Amino acid sequence: MCRSIKTLRPPQLPEEATEEEIRAAALQYVRKVSGFRSPAAHNREVFERAVAAVAEATAELLDGLEVRGQAVRGTAGEGAA
């Protein structure tokens, strides 16, 4: 477990996770899995693609999660009069 990756869903965060927080968590994950804090020049492109893919998957996960007693992310207030 990457101890520096924080939980990005309510109630741990008072608001939705920002793109910056999601990317930071993705970067920490890729660093942990690859074993590189900063990739060499010849690995930089694949490293950055991995960070982008993990960030995208994380955002998709957070968008689809439903925390009991709370609305699904991105739908709060829809349909309210």
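For the structure itself, look to the data block above.
The present account deals with the structure reproduced in this document. In this text, all values refer to a predicted model and were calculated from it rather than measured experimentally.

Each helix and strand counted, the protein chain has two helices and zero strands in total. Of all 81 residues assigned to the protein chain, the portion counted as buried reaches 22%. Residue pairs in contact within the protein chain that sit at least 24 positions apart in sequence constitute 51% of those at least 6 positions apart. Summed over all atoms, the accessible surface of the protein chain reaches about 6300 Å², with 53% contributed by carbon and sulfur.

Attention now moves to helix H2 (residues 44-64). The first and last C-alpha atoms of H2 sit 30 Å apart over 21 residues, in line with the 30 Å expected at 1.5 Å per residue. Against the buried residues of H2 lie helix H1 (19-34).

With that out of the way, let us pick up the nonpolar core. Grouped together as the largest cluster of nonpolar side chains are eleven residues: Leu-8, Ala-17, Ile-22, Ala-25, Ala-26, Leu-27, Val-30, Phe-47, Val-51, Ala-55 and Leu-62. At the level of elements, H1 and H2 are the ones that each hand at least two residues to this core. It is H1 that provides the largest number of residues to this core, a total of five residues.

Let's shift gears to the side chain of Arg-31. Along the chain, the position of Arg-31 falls in helix H1. For Arg-31, which is buried and forms no salt bridge, the nearest opposite charge comes from Glu-48, at a distance of 7.9 Å. Apart from the residues lying within four places of it in its own chain, the contact partners of Arg-31 are Phe-36, Arg-37 and Phe-47.

A few words on the pattern of salt bridges. One pass over the structure, following the stated rule, counts two salt bridges. Glu-48 is the salt-bridge partner of Arg-23, the closest N and O atoms lying 2.7 Å from each other. Note that Arg-23 is positioned in helix H1 and Glu-48 in helix H2, a separation of 25 residues in sequence. Take Glu-48: its relative accessible area is 35%, and that puts it in the partly exposed class. Between Glu-45 and Arg-49 there is a salt bridge, and its shortest N-O distance comes to 2.9 Å. Taken together, the residues Glu-45 and Arg-49, both in helix H2 and four residues apart, mark about one turn of the helix. By relative accessible area, which is 49% here, Arg-49 ends up partly exposed.

Rules used in this analysis
Residues numbered from 1 in each chain as written. Predicted model: local features only at pLDDT ≥ 70, side-chain atom pairs only at ≥ 80, totals over all residues. Heavy atoms only, no water. Helix = DSSP H or I, 4+ residues; strand = E, 2+ residues; numbered from the N terminus. Buried < 20%, exposed > 50% of the residue type's maximum accessible area, 1.4 Å probe, protein only. Contact = heavy atoms within 4.5 Å. Areas by Shrake-Rupley, 256 points an atom, 1.4 Å probe, with all protein chains shown as cover. Expected span 1.5 Å × (residues − 1). Core = buried A, V, L, I, M, F, W, Y, C linked by side-chain atoms within 4.5 Å. Lys, Arg positive; Asp, Glu negative; His and termini not counted. Salt bridge = Lys/Arg side-chain N within 4 Å of Asp/Glu carboxyl O.

Remember that the coordinates give geometry; whether it matters functionally is a separate question.
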